[in-house]
Amino acid sequence: MDRAEFQAVLSSRRGRLKTALTDQSVVAGLGNLLADEILWRARLRPDRLARDLTEADLRRLHSRMRSTLRSAVPAGCVPPRDSWLTGHRDDLDPRCPRCGTRLRRSRMAGRGTVWCPRCQPDG
Ligand SMILES: [Zn+2]
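Reading the values: the criteria
Residues numbered from 1 in each chain as written. Predicted model: local features only at pLDDT ≥ 70, side-chain atom pairs only at ≥ 80, totals over all residues. Helix = DSSP H or I, 4+ residues; strand = E, 2+ residues; numbered from the N terminus. Rg over C-alpha atoms; globule rule 2.2 N^0.38 Å. Buried ≥ 20, exposed ≤ 12 C-beta atoms within 10 Å, placed from the backbone. Contact = placed C-beta atoms within 7 Å. Pairing = 2+ DSSP bridges. Core = buried A, V, L, I, M, F, W, Y, C linked by C-beta atoms within 7 Å.

Draft legend 1. A look at the overall build of the protein chain. Counting secondary structure elements, the protein chain contains 4 helices and 2 strands. In terms of C-alpha radius of gyration, the protein chain reaches 13 Å, essentially the compact-globule figure of 14 Å for 123 residues. Taking the principal axes of its C-alpha atoms as reference, the protein chain extends roughly 40 × 35 × 25 Å. In the protein chain, which comprises 123 residues, the share counted as buried stands at 31%. Contacts spanning at least 24 positions in sequence make up 53% of the contacts within the protein chain whose residues lie at least 6 apart.

Draft legend 2. Region of interest: the environment of Thr54. Mapped onto the elements of the fold, Thr54 is located in the loop between helix H3 (32-41) and helix H4 (55-75). Take Thr54: there are 9 C-beta atoms within 10 Å of it, and that puts it in the exposed class. Thr54 sits 41 residues away from Arg13 along the chain, and the two C-alpha atoms are 14 Å apart.

Draft legend 3. Structural view of the pairing of strand S2 (residues 111-115). Across 5 bridges, strand S1 (residues 104-108) lies against S2 in antiparallel orientation. When the bridges of S2 are listed, Arg105 appears paired with Val114. Hairpin connection from S1 to S2: 2 residues lie between these consecutive antiparallel strands, with Ala109 at a positive phi of about 50°.

Draft legend 4. Representation of unusual backbone geometry in the model. The phi angle at Arg43 is positive, at roughly 55°, despite the residue not being glycine. Relative to the helices and strands, Arg43 is located in the loop between H3 and H4.

Draft legend 5. Spotlight on the environment of Asp23. Position of Asp23 relative to the elements: it lies in the loop between helix H2 (17-22) and H3. Separated by 86 residues in the primary sequence, Asp23 and Ala109 place their C-alpha atoms 9.7 Å from one another.

Draft legend 6. Expanded view of H3. Within H3, 8 of the 10 residues are buried, which leaves the element mostly enclosed by the surrounding structure. Those residues of H3 not exposed but buried are Leu34, Ala35, Asp36, Glu37, Ile38, Leu39, Trp40 and Arg41. Phi for Arg43, located one or two positions after H3, is positive at around 55°.

Draft legend 7. Structural context of the nonpolar core. Core analysis: the biggest nonpolar cluster contains 25 residues, and Leu17, Ile38, Leu39, Trp40, Trp115 and Cys116 have the highest contact counts within it. Of all elements in the fold, only H2, H3, H4 and S2 reach the threshold of two or more residues within this core. Ranked by the residues each element gives to this core, the list is headed by H3, at 5 residues. Those residues in contact with Ile38, other than ones at most four positions away along the chain, are Arg64, Met65 and Thr68.

Shown next as C-alpha coordinates:
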(Lines give C-alpha, C1' and ligand atoms only; values in the text may rest on other atoms or scores of the structure.)
Protein backbone atom coordinates (compact mmCIF):
# COMPACT_ATOMS: atom_id res chain seq x y z
CA MET A 1 0.00 0.00 0.00
CA ASP A 2 1.54 3.33 -0.96
CA ARG A 3 1.68 6.27 1.37
CA ALA A 4 -1.08 8.36 -0.19
CA GLU A 5 -3.51 5.45 -0.08
CA PHE A 6 -2.52 4.57 3.50
CA GLN A 7 -3.01 8.18 4.65
CA ALA A 8 -6.37 8.50 2.92
CA VAL A 9 -7.71 5.27 4.41
CA LEU A 10 -6.52 5.93 7.96
CA SER A 11 -7.63 9.54 8.15
CA SER A 12 -11.13 8.58 7.00
CA ARG A 13 -11.47 6.16 9.94
CA ARG A 14 -13.51 6.78 13.04
CA GLY A 15 -12.16 5.36 16.26
CA ARG A 16 -8.80 4.61 17.74
CA LEU A 17 -5.56 4.39 15.84
CA LYS A 18 -4.76 0.83 16.93
CA THR A 19 -8.23 -0.38 16.00
CA ALA A 20 -7.92 1.23 12.58
CA LEU A 21 -4.46 -0.21 12.04
CA THR A 22 -5.50 -3.80 12.85
CA ASP A 23 -8.66 -3.56 10.76
CA GLN A 24 -8.02 -6.06 7.97
CA SER A 25 -9.66 -3.78 5.43
CA VAL A 26 -7.03 -1.12 6.15
CA VAL A 27 -3.84 -3.18 6.27
CA ALA A 28 -4.34 -6.86 5.44
CA GLY A 29 -2.50 -9.21 7.75
CA LEU A 30 -1.31 -6.71 10.31
CA GLY A 31 -1.54 -8.56 13.61
CA ASN A 32 -1.88 -7.36 17.16
CA LEU A 33 1.81 -7.54 18.14
CA LEU A 34 3.00 -5.87 14.96
CA ALA A 35 0.52 -3.03 15.39
CA ASP A 36 1.82 -2.30 18.91
CA GLU A 37 5.40 -2.50 17.65
CA ILE A 38 4.77 -0.09 14.77
CA LEU A 39 2.94 2.43 16.97
CA TRP A 40 5.75 2.35 19.52
CA ARG A 41 8.34 2.97 16.79
CA ALA A 42 6.26 5.79 15.34
CA ARG A 43 5.83 7.24 18.88
CA LEU A 44 2.05 7.35 18.56
CA ARG A 45 -0.36 6.36 21.31
CA PRO A 46 -2.63 3.47 20.29
CA ASP A 47 -5.73 5.16 21.71
CA ARG A 48 -5.40 8.36 19.70
CA LEU A 49 -8.17 9.03 17.24
CA ALA A 50 -7.08 7.98 13.78
CA ARG A 51 -8.56 11.03 12.11
CA ASP A 52 -6.64 13.42 14.43
CA LEU A 53 -3.25 12.41 13.07
CA THR A 54 -1.28 15.13 11.33
CA GLU A 55 0.33 14.74 7.95
CA ALA A 56 3.72 14.31 9.70
CA ASP A 57 2.28 11.62 12.04
CA LEU A 58 0.89 9.69 9.08
CA ARG A 59 4.12 9.93 7.17
CA ARG A 60 6.11 8.65 10.16
CA LEU A 61 3.62 5.86 10.81
CA HIS A 62 3.77 4.68 7.21
CA SER A 63 7.54 4.67 7.18
CA ARG A 64 7.80 2.76 10.51
CA MET A 65 5.22 0.28 9.29
CA ARG A 66 7.30 -0.46 6.21
CA SER A 67 10.57 -0.87 8.10
CA THR A 68 8.96 -3.03 10.81
CA LEU A 69 7.31 -5.28 8.24
CA ARG A 70 10.60 -5.61 6.37
CA SER A 71 12.25 -6.97 9.54
CA ALA A 72 9.33 -9.10 10.72
CA VAL A 73 8.21 -10.76 7.53
CA PRO A 74 11.44 -12.66 6.72
CA ALA A 75 11.40 -14.01 10.30
CA GLY A 76 7.81 -15.20 9.75
CA CYS A 77 6.71 -13.54 12.97
CA VAL A 78 7.55 -10.63 15.22
CA PRO A 79 11.07 -11.45 16.40
CA PRO A 80 11.25 -11.35 20.23
CA ARG A 81 14.36 -9.19 20.10
CA ASP A 82 15.54 -7.26 23.08
CA SER A 83 15.41 -3.96 21.20
CA TRP A 84 11.79 -4.51 20.18
CA LEU A 85 8.77 -3.63 22.28
CA THR A 86 7.43 -7.10 21.47
CA GLY A 87 10.45 -8.66 23.21
CA HIS A 88 9.29 -7.17 26.53
CA ARG A 89 5.51 -7.27 26.53
CA ASP A 90 5.35 -10.53 28.48
CA ASP A 91 8.02 -9.59 31.02
CA LEU A 92 7.08 -9.64 34.69
CA ASP A 93 7.96 -5.95 34.99
CA PRO A 94 7.82 -4.78 31.37
CA ARG A 95 10.01 -1.79 30.57
CA CYS A 96 10.41 0.24 27.41
CA PRO A 97 13.57 -0.90 25.59
CA ARG A 98 14.16 2.69 24.47
CA CYS A 99 13.77 4.68 27.70
CA GLY A 100 13.24 2.21 30.56
CA THR A 101 9.80 3.54 31.52
CA ARG A 102 7.33 0.94 32.73
CA LEU A 103 5.03 -0.08 29.89
CA ARG A 104 1.29 0.42 30.09
CA ARG A 105 -1.26 -2.21 29.17
CA SER A 106 -4.88 -2.03 28.22
CA ARG A 107 -7.35 -3.73 25.97
CA MET A 108 -8.34 -2.23 22.68
CA ALA A 109 -10.71 -3.82 20.21
CA GLY A 110 -10.61 -6.89 22.47
CA ARG A 111 -6.84 -7.34 22.21
CA GLY A 112 -4.07 -6.74 24.71
CA THR A 113 -2.31 -3.48 23.90
CA VAL A 114 1.06 -2.35 25.21
CA TRP A 115 2.65 1.08 24.92
CA CYS A 116 5.21 3.37 26.55
CA PRO A 117 3.65 6.45 28.22
CA ARG A 118 6.88 8.41 27.75
CA CYS A 119 7.71 7.57 24.13
CA GLN A 120 4.06 7.67 23.10
CA PRO A 121 2.63 10.71 24.90
CA ASP A 122 -0.95 11.84 24.67
CA GLY A 123 -1.78 13.83 21.55
ZN1 LIG B 1 9.82 4.60 26.19
